[in-house]
Structures are given as structure tokens and as C-alpha cells.
Amino acid sequence: DLNGQLHGQHLAKEVVVRAVQGFLQSPQPEKALVLSFHGWSGTGKNFVARMVASHLYRDGLKSECVRVFISLFHFPHHKYVESYKAQLKKQISETVQLCKQSLFIFDEAEKLHFSLLDAIKPFMAHYDNKGQVDYRRSIFLFLSNLGGNTINEVALDFWRAGRAREEISMEFLEQRVAALQEPAENGYARSHLLQENLIDFFVPFLPLEYHHVKLCARDAFLARGLPYTEAALDEVASMMVFVPKEEKLFSAQGCKSVSQRINYFL
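Since we're looking at a predicted model, the values are computed, not measured.

Novice: Describe helix H5 (residues 81-98), listing the residues and the values that go with them.
Specialist: The first and last C-alpha atoms of H5 sit 26 Å apart over 18 residues, in line with the 26 Å expected at 1.5 Å per residue. Its buried side turned inward, H5 meets strand S2 (66-70), helix H4 (71-74), strand S3 (103-107), helix H6 (114-124) and strand S4 (139-144).

Structure below.
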């Protein structure tokens, strides 16, 4: 499904499949699996998180074993951080007690208050079995726009050098994305998740080009059972904004809003 439906993300495909499969096949993991997805909006981070949920659970995101937290929606006010911490720890504990295998998705992770991240750190750390609930079968996905510009610069440099984007390697990008560990204003960098190396993989999502947007448009037509023509796909793709100004190479909003644009044709 990732091969057929996730466009332009050779790195994310490979890392997510290898990491999740390896984790599921391990008879006794030492700790929860923690993946951090990075890239511009619309590049597929939520899409992949949903796909992981739907392949692990019959009810997908609706499963009682899956919890989705959206920073500004669930934790909007810094003055309530203490009560959010208690709430979050309770929700995670209850989910893990209920389910042998749990999935926690944190969207807009860079906007989480750093003390919230630190509060959930024990759930992701190496397990020391002091009669607590066993969290080692949990998967944590953090979705963030952090590092999106860095990833895009790398993709642009490869394009300008006449190299295929598929030549961009995980090693090359992961170092740059992990450099987000520099303490900054975002809670993510200030939390102990990075300092204590609790994130197993930083997963870079590359910016999408014109032909990827066309593939997203094709998928959106197919999902609704609608016929489409090459001209219609071109028209949807050409309605998007492309950057930088000179090259007009990458879709500024990735594939976001592609399905809404299709309404325009109906």
C-alpha cells in the first residue's frame, strides 16, 4: 500500500516498513518504537500515520488502542500544562493496560510544551520492569514540520546538481534532521527525548514535485470512483502553488487540498 499510495517518499517508505516490521517481529522489544516524521505540510506524514493505524488495527484510527493527540487542539494553553501532563499520562497508561499493542500519534509535535514531552518520556524509555505496566509493545509517532526547510534544501541541491531525488540517502538526511537537537524555542528540542536518544528513527519526508501532485490527484479521483483524464490531472496540479520562485519545483502545500480542488471539477 505504501508503494502504491505514498508518492515521492522513497526514504519514508523504506524506513517505516523496516522499523515497524522489525519491531512487530521482535519477540521482546527492549523499549517502545519511537518514530519522528519530519517534513513540510502535505508531504504524507499524517497519511503514513493513518496507514500504520489501519494496517495494525481492524478499526484503524477508531480503534480503542490508538490515541491521536493534536498539540494545539488537545493542549492549547500553557498555563494548564500540569493538568495536561496528568491527563496525558493517564490516557497512555489506560490504553496500554487495555491493549497489548498500542499506537500513539502526536501531530504538530513541535508545538507540544517540552514538559509534556518529558512527562511521557518514561513510556518510551528502556524498560526496567519494576512491576509497572509494560509499554514495550507501544509505538509512538511524532509528526512535525520541523526540519522541513532543511529537507527541502537538500532536495533542491540534488535537483540543481542534476541528481535524482532517489539518490538522497537516509544517512545524508538523518544527520541534518537530527541537528534539530540544537536547543531552540521549540519544546521538541528542549525535551529529553532528543537528549536521551529515545527517538529510534528520524523519518524525512521530501517536498513533492508536479508529477507527484498529479499522482495524488489521480488517487483522489479513483477514491471517489470518478473517471479522470490526463488533462484533468494537469489542471488540478497546475492550480497548486510551486516554490521556489525561480524553479517552481515543489508544491508549497504538498498534496494537501488536492481532493478539495477536485470538487471544483464536479
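Novice: Requested: an account of the state of the cysteines, with residues and values cited.
Specialist: Considering all chains together, one arrives at two disulfides under this definition. A disulfide bridge connects cysteine 65 with cysteine 99, and the sulfur atoms are separated by 2.1 Å. Disulfide cysteine 65 to cysteine 99: torsion about the S-S bond roughly -85°, handedness left-handed. Taken together, the residues cysteine 65 in the loop between helix H3 (45-56) and S2 and cysteine 99 in the loop between H5 and S3 connect sequence positions 34 residues apart. On the accessibility criterion, cysteine 65 (12% relative accessible area) is buried. Cysteine 99 gets classed as buried once you look at its relative accessible area, which sits at 4%. Two residues, cysteine 216 and cysteine 255, share a disulfide whose sulfurs are 2.0 Å apart. Residues cysteine 216 and cysteine 255 share a disulfide whose torsion about the S-S bond is about 85°; that sign makes it right-handed. With cysteine 216 in helix H11 (residues 210-223) and cysteine 255 in the loop between strand S7 (250-251) and helix H13 (258-263), this pair connects stretches of sequence that are 39 residues apart. Each member of the pair, cysteine 216 together with cysteine 255, is buried. Once the disulfide-bonded cysteines of the protein are ranked by sequence position, their pairing pattern turns out to be 1-2, 3-4.

Novice: Outline the packing of aromatic side chains, supporting the account with residue identities and numerical values.
Specialist: Applying the stated criterion across every chain yields a total of eight aromatic pairs. Ring centres 4.6 Å apart and planes at 70° place the aromatic pair phenylalanine 123 and tyrosine 135 in the edge-to-face group. Of the two residues, phenylalanine 123 sits in helix H6 while tyrosine 135 sits in the loop between H6 and S4, which places them twelve residues apart along the sequence. Residue classification places phenylalanine 123 among the buried positions, given a relative accessible area of 7%. Residue class for tyrosine 135 comes out buried when judged on its relative accessible area of 12%.

Novice: So what's going on with the pattern of salt bridges? Residues and values would help.
Specialist: Across all of its chains, the model carries eleven salt bridges by this definition. Here lysine 85 makes a salt bridge to glutamate 82, at a shortest N to O gap of 3.3 Å. Of this pair, lysine 85 and glutamate 82 both sit in helix H5, three residues apart, roughly one helical turn. The exposure class assigned to lysine 85 is buried, which follows from its relative accessible area of 19%. For glutamate 82, a relative accessible area of 55% puts it in the exposed group. Between glutamate 230 and lysine 214 there is a salt bridge, with the nearest N and O atoms lying 2.7 Å from each other. One end of the pair, glutamate 230, is in helix H12 (residues 230-238); the other, lysine 214, is in helix H11, with 16 residues separating them in the sequence. A relative accessible area of 15% means that lysine 214 is categorised as buried. When salt bridges that share partners are traced, they join Lys214, Glu230 and Asp234 into one network.

Here is what the cut-offs are and how they apply
- Each chain carries its own residue numbering, running from 1 in the direction its sequence is written.
- Residue-level local features of this predicted model are given only where pLDDT is at least 70; pairs of side-chain atoms are given and counted only at 80 or more, and the full residue set underlies all totals for whole chains, interfaces and linings.
- Excluding hydrogens and water, the side-chain values take into account all heavy atoms of the structure.
- Strands are runs of DSSP state E lasting at least 2 residues, helices are runs of H or I lasting at least 4, and numbering of each runs from the N terminus.
- By this rule the span expected of a helix is its residue count minus one, scaled by 1.5 Å.
- Here a residue-residue contact requires only that any non-hydrogen atoms of the pair lie within 4.5 Å.
- By disulfide we mean two sulfur atoms from cysteines, separated by a distance within 2.5 Å.
- Type-normalised accessible area, obtained with a 1.4 Å probe on protein chains alone, sets the label of each residue: buried when under 20%, exposed when over 50%, and partly exposed for intermediate values.
- A pair of aromatic rings is counted whenever rings of Phe, Tyr or Trp (Trp by its six-membered ring) have centres within 6.5 Å, and the orientation is called stacked for planes under 30 degrees apart, edge-to-face for over 60 and tilted otherwise.
- Here, a salt bridge means any Lys or Arg side-chain nitrogen found within 4 Å of an Asp or Glu carboxyl oxygen.

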